[in-house]
Amino acid sequence: METGIPTSEQTSCAKEDQQACCLDTGGAEAVRVADRKSTEDNPQDEPGCCNLEDSGQLMASYEGKAKGYQVPPFGWRICLAHEFAEKRKPFTANNVSLNNIVKHIGMGLRYLKWWYRKTQVEKKKPFIDLLNSVPLRQIYGCPLGGIGGGTITRGWRGQFCRWQLNPGMYQHQTVIADQFTVCLRREGQTVYQQVLSLEHPSVLRSWNWGLCGFFAFYHALYPRAWTVYQLPGQNVTLTCRQITPILPHDYQDSSLPVGVFVWDVENEGDEALDVSIMFSMRNGLGGEDDAPGGLWNEPFRLEHDGETVQGLLLHHPALPNPYTMAVAARATADTTVTHITAFDPDSTGQQVWQDLLQDGQLDSPAGRSSPSQKGVGTAGAVCVAGKLPPRGRCCLEFSLAWDMPRIMFGAKGQVHYRRYTRFFGQGGDAAPALSHYALCRYADWEEKISAWQSPILDDRSLPAWYKSALFNELYFLADGGTVWLEVPPDSLLEEVESSMRQLRPTLQEYGRFGYLEGQEYRMYNTYDVHFYASFALVMLWPKLELSLQYDMALATLKEDLTRRRYLMSGLVAPVKTRNVIPHDIGDPDDEPWLRVNAYLIHDTADWKDLNLKFVLQVYRDYYLTGDQGFLKDMWPVCLAVMESEMEFDKDHDGLIENGGYADQTYDGWVATGPSAYCGGLWLAAVAMMVQMAAICGTQDIQEKFSSILSRGQEAYERLLWNGRYYNYDSSSQPWSRSIMSDQCAGQWFLRACGLGEGDTEVFPTAHVVRALQTIFELNVQAFAGGAMGAVNGMQPHGVPDTSSIQSDEVWVGVVYSLAATMIQEGLTLEGFRTAEGCYRTVWERLGLAFQTPEAYCQQHVFRSLAYMRPLSIWAMQLALQQHKKASKPVAEQITGLNRRPQSGPKETTANLSPE
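Residues numbered from 1 in each chain as written. Predicted model: local features only at pLDDT ≥ 70, side-chain atom pairs only at ≥ 80, totals over all residues. Heavy atoms only, no water.

Asker: Can you tell me about the packing of aromatic side chains, naming the residues and giving the values?
Answerer: The relation between two aromatic rings is expressed through the spacing of the ring centres and the mutual angle of the planes. Applying the stated criterion across every chain yields a total of 59 aromatic pairs. On the numbers, 5.7 Å between centres and 80° between planes, the contact of phenylalanine 531 with tryptophan 748 is edge-to-face. Of this pair, phenylalanine 531 sits in helix H11 (residues 527–540) while tryptophan 748 is found in helix H17 (residues 745–752), placing the two residues 217 residues apart along the sequence. Its relative accessible area of 0% is what places phenylalanine 531 among the buried residues. (Phe/Tyr/Trp six-rings, centres within 6.5 Å; stacked < 30°, edge-to-face > 60°. Helix = DSSP H or I, 4+ residues; strand = E, 2+ residues; numbered from the N terminus. Buried < 20%, exposed > 50% of the residue type's maximum accessible area, 1.4 Å probe, protein only.)

Asker: Describe unusual backbone geometry, and please don't skip the residues or the numbers.
Answerer: Across the junction of tyrosine 222 and proline 223, the peptide omega takes the value 15°, indicating a cis bond. For proline 223, the location among the structural elements is in the loop between strand S9 (216–221) and strand S10 (224–231). Of the consecutive residues leucine 319 and proline 320, the connecting peptide bond is found in the cis state with omega at 10°. Here proline 320 lies in the loop between strand S15 (307–316) and strand S16 (323–331). The backbone of glutamate 187 sits at a positive phi, close to 50°, despite the residue not being glycine.

Asker: Summarise the pairing of strand S14 (residues 296–304); cite the residues concerned and give the values.
Answerer: The pairing of S14 with S15 spans nine bridges and is classified as antiparallel. Considered in S15, the bridge of tryptophan 296 is made with histidine 315. Hairpin remark: S14 followed by S15, antiparallel, with two residues in the connecting loop; positive phi at aspartate 305, about 55°. (Pairing = 2+ DSSP bridges.)

Asker: Could you give an account of the sheet that holds strand S31 (residues 855–856), naming the residues involved and the relevant values?
Answerer: The mixed open sheet is built from four strands, whose spatial order is S2-S32-S31-S30. Each of the sheet's edge strands pairs with one partner strand only, and the pair in question is strand S2 (89–90) and strand S30 (810–811). Judged from the two bridges that link them, S31 and strand S32 (residues 861–863) form a sheet pairing that is antiparallel. Bridging across to S32, alanine 855 finds its partner in arginine 863.

Asker: Just give me the short version of the sheet that holds strand S5 (residues 160–164), but keep the residues and values in it.
Answerer: Strand order in the open sheet formed by four strands is S3-S4-S5-S6, with antiparallel pairing between adjacent strands. The open sheet terminates on both sides in strands that have one partner only, identified here as strand S3 (143–144) and strand S6 (171–172). In this structure, strand S4 (residues 151–154) lies alongside S5, joined through four bridges in antiparallel fashion. By the bridge assignment for S5, threonine 151 is matched with glutamine 164.

Asker: Account for the environment of glutamate 645, with residues named and values stated.
Answerer: Relative to the elements of secondary structure, glutamate 645 occurs in helix H14 (residues 628–645). Assessed through its relative accessible area of 0%, glutamate 645 is described here as buried. Ignoring anything within four residues of it in the chain, the contact list for glutamate 645 reads Trp607, Lys608, Asn611, Leu612, Ile656 and Trp682. (Contact = heavy atoms within 4.5 Å.)

Okay, structure coming up:
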């Protein structure tokens with residue numbers, strides 16, 4: 001490889017020192033959490049959560065001494081040379097037991113027939129592709145980009161490797177040309193030039209690849225990340241800080257499709273240096289979207305309010321969603337910004353490399369590049385150079401922005417505009433302004449991020465792993481195929497508005513929000529899963545949660561009588577029935593919001609949980625926001641869906657029955673008759689209907705649901721309680737006595753809303769606590785040595801329930817919600833230990849950072865990477881804050897800001913009422 005640097009100045013990647021320097025991430029400190037009897041007054045007496053380790057395992061390969069510039073103590077930290085020992089595979093049909101294959105053979109055959117028609121005839125991607133799961137890649141880091149404008153994931157080794165620019169559609173590929181390169185010069189001569197990548201690619205071979213990963217580490221605390229590079233033999237340390245504007249309660253900057261990279265370069269030597277950082281980027285990803293050609297680049301310079309930003313615009317005009325990418329840098333009195341407009345990213349790259357090597361700058365040709373030819377790629381680069389005094393530091397600032405204002409989903413039937421266009425225009429020419437805004441505002445963003453995160457990070461009662469999990473799991477709110485769209489005034493029906501007075505102002509002011517069930521399960525706003533994930537949204541962006549609820553209410557009141565065959569049963573039924581909650585709002589490869597219920601495995605009109613979860617979330621959202629207008633808008637919809645739900649109480653004992661198939665979120669786990677999960681959700685929803693009826697002044701309805709609740713409570717206890725826990729269901733099947741980890745889901749929501757105890761008790765507190773203790777003893781501690789969270793189903797004698805393909809899985813989002821329930825009931829120690837098992841398994845053992853799956857088994861497999869449900873970890877935070885700060889308004893607890901709601905229920909949530 002020709003680098004143009006004397007051999008004596010090159011540094012090989014060798015382990016020069018066998019003593020690894022494992023950085024302190026705060027995990028080694030004594031971590032304390034309150035147990036059932038501890039008090040706030042004596043925190044020093046609280047028992048330690050567990051013997052936590054720091055990230056030493058992930059940092060064991062680190063040979064450097066550098067700690068980086070202002071890298072925080074908490075987060076997910078990993079040495080760039082780390083290799084995960086365990087390599088799991090996606091769940092496939094090969095992992096299904098013979099017994100379960102027999103049960104599902106009809107579904108399998110119908111799926112294959114449907115899959116063939118979808119992929120080969122319609123030339124579309126299946127909403128769930130069971131034949132082509134996303135393979136394991138243990139590489140992902142914090143995504144770039146705000147909410148709803150598309151995302152670009154930068155891996156923990158520095159690669160740009162996961163792309164969601166077209167709404168909801170992912171491309172998992174590493175683009176080799178997208179790199180940062182450092183150039184160091186002493187006394188006018190380049191002494192070190194290195195691509196900051198561990199790769200050894202077959203293209204751009206003139207570049208100096210193969211960075212030594214033993215002297216670098218990555219640290220993630222979403223929405224920021226730090227990569228620290230100790231340059232061997234140079235007495236120089238680079239710290240790249242990545243910033244994305246994810247700002248709670250901010251509905252403008254949080255929508256921006258931008259990311260910022262701030263490079264702090266520290267000189268630990270006694271000689272002055274010139275330092276340059278080059279940011280190169282390919283126009284497009286090098287795939288079929290680029291093949292027709294016509295891509296072109298041009299330099300830009302934007303001066304505004306005394307600040308200058310320079311860079312390149314990479315124009316990608318491919319239909320139906322053209323976009324412009326901007327690679328830019330801030331020009332200051334102490335820095336020089338240069339560029340190369342176009343080079344071939346599939347060549348040796350010698351011209352670019354030598355250009356930088358010569359003087360630490362690029363040639364900066366004027367004018368735009370010629371459009372690329374068919375099958376030929378194009379890339380560009382921006383370089384910032386600065387002076388680095390002896391024992392000093394300099395700062396070099398880059399931004400990456402992309403402007404795809406106008407989008408069409410897969411059906412190409414309607415044009416939508418992204419949220420950020422409200423602030424930066426719809427013309428497709430906003431990339432320079434976005435770049436300038438990001439580079440001038442990122443310091444303000446960081447202040448807001450610190451103000452939000454610091455109270456939690458500084459709380460010594462919380463374990464270090466939890467602080468990492470709480471913030472890093474939030475990646476999915478932006479990187480869940482998320483869209484945040486403007487709502488045209490003429491798109492809302494006036495007849496619906498008359499019954500929902502705040503619908504139009506909410507949707508028009510805050511837009512329309514959608515995120516996928518998972519990056520592999522491509523359905524927007526899957527409601528049975530959003531039930532768990534919604535805590536993150538309502539606590540941090542409550543207006544988006546209310547917007548989503550209005551959209552769900554609109555869809556509930558509509559019907560689609562188009563008939564189709566459902567894959568599990570083989571029966572033909574309508575797509576959508578009126579007055580039942582839809583499973584999802586649609587597939588991004590079709591036309592979401594217009595055509596709902598992309599899910600066709602079951603006819604979810606007959607599911608037992610969806611309607612109940614709407615009622616529970618409506619009341620929870622009211623309780624946490626105090627928005628009484630929202631509650632009154634939702635009240636008729638709640639009445640309608642509960643009327644539909646009552647049809648499932650066949651024997652009129654006040655308790656609904658499951659239908660003998662998998663008719664709830666556990667869509668592979670059959671339930672028959674009254675069940676712990678759906679029965680518990682039903683009683684909780686009935687109890688909340690009693691509360692809402694009182695608020696809305698409808699005494700007759702209040703009395704009706706009070707009567708149902710009384711009868712249902714008696715039936716639930718009589719049919720399901722066995723002295724230690726609630727049976728899975730009341731059938732005579734062998735699995736009916738299984739211990740379900742999620743059996744207390746109804747109680748979880750009740751306690752989150754200030755109900756479920758005292759005068760509003762639904763489930764006897766002693767029974768709830770005993771059930772949670774049993775779950776901890778068997779589903780947690782007796783499973784995988786207590787180190788992997790809670791298995792969904794456990795037989796009473798301590799063996800996982802293998803009666804279904806889901807009962808022996810661990811669902812990460814369910815585990816976090818279970819932990820929240822434990823905390824609510826005073827079992828704080830057990831709650832943290834339960835949740836810790838999931839975090840350590842996913843983030844430290846399996847290498848699934850920033851792609852937390854829906855499920856994993858004790859051995860061998862995971863299922864559905866990058867899934868919505870784990871956002872439920874924010875329910876743990878709500879439980880902690882409600883427990884610790886019961887005397888403060890809930891809205892203030894969850895935000896750290898004094899944001900009192902305008903109104904709130906007086907009897908049950910007095911802590912929400914204004915003074």
